[in-house]
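Structural overview for review
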Amino acid sequence: MRILHLLASPFFSGPAENVALLAQAQRAAGHDVTVAVDRLRKEVLAEEPAAPRFQELGLLDEGGLELSVKSPPWRMWRDLRRLKARSVDVVHSHFSHDHLLARWGRPAGATLVRSLHAPRSLRSSLPVADAYTVPASALLPRLVEKGKTATVLPALVDARFEPAKDRAALRRELGLTGAPVIGMVSTFQPSRRHSVGVEAFALYRQRQPEARLVLVGDGGLVEQTRQQVSALGLSQAVTFAGYQQGDAFTRWLQALDEVWLLGLGNDWSARAAAQARACGVRVVAVNEGALPDLADVVVREPSPDAVVEAALSRQMAPVNHPSNERIAGDILTLYARVRPVQ
């Protein structure tokens, strides 16, 4: 099967990592798979650029698609014509720009699958496709009610996410003291509720005075969070690890006893929760997106008291997240059971 993924992003972050892992697993199953990414935008700043990573993985599509939301109309038209001329069996689009391009540039005879990443995409103007994927089981009934063919595309997990061989030694290397070590791993933005987490940690320390909080990530609310930490007298107990990626991110995650995931951003697949579970890290999470499917314990409401109650419960859930191979197989089955409608 010839599969072309469309990913109109210049960054190897958010859904891009999931697409890469899915494409790798599909290729391992014997299929011809490539991923087209944004080739126009170069200003990736602190983010890892997508094109070099996909090229390194042998997945980068070289079919001449610019695939950028910044493209002028005449170059979007060029992309449309180039896509329409492609010889592929499946076009799997992932972002809004991809959906637009695929709607009008679908190659003859190709199956069109659209991935939706958040509830806001489930609107009356849902883009036309032969089939859909959603990031969480809670969103599936809304598509089924509309008579759509759909399945869940959950977070895939890179093989490097595994329990630390020597967690104590790793913590020494990272300069972490105290126990238990709790983390929050997300961009500092309102939806992630860092302020709730810091306030909850202050309450938690009353019961666990040696506890440490590790905040991994960057974003617009970093300084505001630093001020809150200082105002609560927690500066000596909180580590700001900054933005981490690749193996460095894995090491910080492996060093934790527990991670608090108190909100999601644009991608509801809750990849950080799946990665944490793979590392043997306990997950305390709010009831959003795929988090309930992956959490050891679900916070009944996003308040400091509720977070502390969940953290102290010590409840543990069995790990039953599907393997990358199983996920890829489910998506390949989805491709095979729908007929393209032009």
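Within a regular beta strand, the side chains point alternately toward one face of the sheet and then the other, so they alternate between its two faces. Burial analysis of strand S2 (residues 32–37) places five of its six residues in the buried class, the great majority of the element. Looking at chain direction, strand S1 (residues 2–7) and S2 are connected through six bridges and run parallel. Across the sheet, the residue bridging to Arg-2 is Asp-32, located in S2. After leaving S1, the chain enters helix H1 (residues 15–28) and then returns to the sheet as S2, a path that is right-handed.

Attention now goes to the pattern of salt bridges. Scanning the entire structure with this criterion turns up 24 salt bridges. Between Lys-165 and Glu-162 there is a salt bridge whose closest N-O contact spans 3.3 Å. Here Glu-162 falls in the partly exposed class, since its relative accessible area comes to 36%. Taking the shortest distance from any N to any O, the salt bridge between Glu-258 and Arg-282 comes out at 2.6 Å. With a gap of 24 residues between them, Glu-258 in strand S10 (residues 258–261) and Arg-282 in strand S11 (residues 282–286) connect regions that are remote in the sequence.

This brings us to the sheet that holds strand S12 (residues 297–299). Pairing in this open sheet of six strands is parallel, and the strands run S9-S8-S7-S10-S11-S12 from one edge to the other. Either end of the sheet is taken by a strand with one partner, and the two such strands are strand S9 (238–242) and S12. Each strand axis lies, on average, 25 degrees off the axis of its neighbour in the sheet, ignoring direction. Sheet topology note: the strand S7 (residues 181–185)/strand S8 (residues 212–216) ladder contains five bridges and is parallel. Looking at the pairing, Val-185 lines up with Val-216 of S8.

Within this structure, the stated rule accounts for four aromatic pairs. Considering the side-chain rings of Phe-12 and Phe-54, the 5.5 Å spacing of their centres and the 70 degrees angle between planes classify their relative orientation as edge-to-face. You can see Phe-12 sitting in the loop between S1 and H1 and its partner Phe-54 sitting in helix H2 (residues 50–56), a full 42 residues away along the chain. Given a relative accessible area of 0%, Phe-54 falls into the buried group. For the cation-ring pair, Arg-103 lies above Trp-104, with the distance from its terminal atom to the ring centre recorded as 4.4 Å.

A few words now on the nonpolar core. Ranked by size, the top nonpolar core spans 63 residues in total, and within it Trp-260 and Leu-261 carry the most contacts. Considering each element in turn, this core owes the most residues, six residues, to helix H7 (residues 194–207). Contact partners of Leu-261, with chain neighbours within four places excluded, come to Val-185, Ala-272, Ala-273, Val-283, Val-284, Ala-285, Val-286 and Leu-291. Grouped together as the second largest cluster of nonpolar side chains are 29 residues, Ile-3, Val-33, Leu-153 and Tyr-335 included.

On to empty space enclosed by the protein, then. What the rule picks out here adds up to one cavity of 30 Å³ or more. As a volume, the largest cavity reaches approximately 120 Å³. Contributing to the lining of the largest cavity are 14 residues, with Pro-15, Asn-18, Ser-115, His-117 and Leu-153 lying nearest its centre. Contributions of two or more residues to the lining of the largest cavity are made by H1 and strand S5 (131–134). If one sorts the elements of the lining of the largest cavity by residue count, H1 sits on top with four residues. Here the residues of the lining of the largest cavity are counted per class, giving seven nonpolar, six polar and one charged.

Conventions adopted
Going along each chain's sequence as written, the residues are numbered from 1 onward. Where totals are concerned, whole chains, interfaces and linings use all residues; where local detail is concerned, this predicted model gives features only for residues with pLDDT of at least 70, and gives and counts side-chain atom pairs only at 80 or more. With hydrogens and water stripped out, all remaining heavy atoms of the structure feed into the side-chain values. Under the scheme applied here, a residue whose accessible area is under 20% of the maximum for its type counts as buried, over 50% as exposed, and between as partly exposed, the area being computed with a 1.4 Å probe on protein chains only. Numbering of helices and strands starts at the N terminus; helices are DSSP runs of H or I of at least 4 residues and strands are runs of E of at least 2. Should DSSP find at least two bridges between two strands, the strands are taken to pair. Look down the strands so they point away from you; if going from the first strand over the helix to the second traces a clockwise path, that crossover is right-handed. In the sections that follow, a salt bridge refers to a side-chain nitrogen of Lys or Arg positioned within 4 Å of a carboxyl oxygen of Asp or Glu. For every element, the axis is a line fit to its C-alpha atoms; helices are fit only across the contacting stretch, and the angle between N-to-C directions ranges from 0 to 180 degrees. Between rings of Phe, Tyr and Trp, where Trp is taken as its six-membered ring, a pair exists when centres lie within 6.5 Å; planes separated by under 30 degrees are stacked, by over 60 edge-to-face, and by other angles tilted. Throughout this description, the term charge over a ring refers to an Arg CZ or Lys NZ atom that lies within 6 Å of the ring centre and within 35 degrees of the ring normal. In plain words, nonpolar cores are sets of buried Ala, Val, Leu, Ile, Met, Phe, Trp, Tyr and Cys residues tied together by side-chain atoms within 4.5 Å. Here, residues are in contact when the closest pair of their heavy atoms is within 4.5 Å. Of the grid points, spaced at 1 Å and generated over the protein atoms alone, those admitting a 1.4 Å probe that cannot get out make up cavities, while open sets with protein on both sides within 12 Å along at least five of seven lines make up pockets; any residue with an atom within 4 Å of a point is treated as lining. Grid points are joined across faces, edges and corners, and a volume is the space filled by probe spheres set on the points. Each residue is assigned to one of three groups, with Ala, Val, Leu, Ile, Met, Phe, Trp, Tyr, Cys and Pro labelled nonpolar, Asp, Glu, Lys and Arg labelled charged, and all others, Gly among them, labelled polar.

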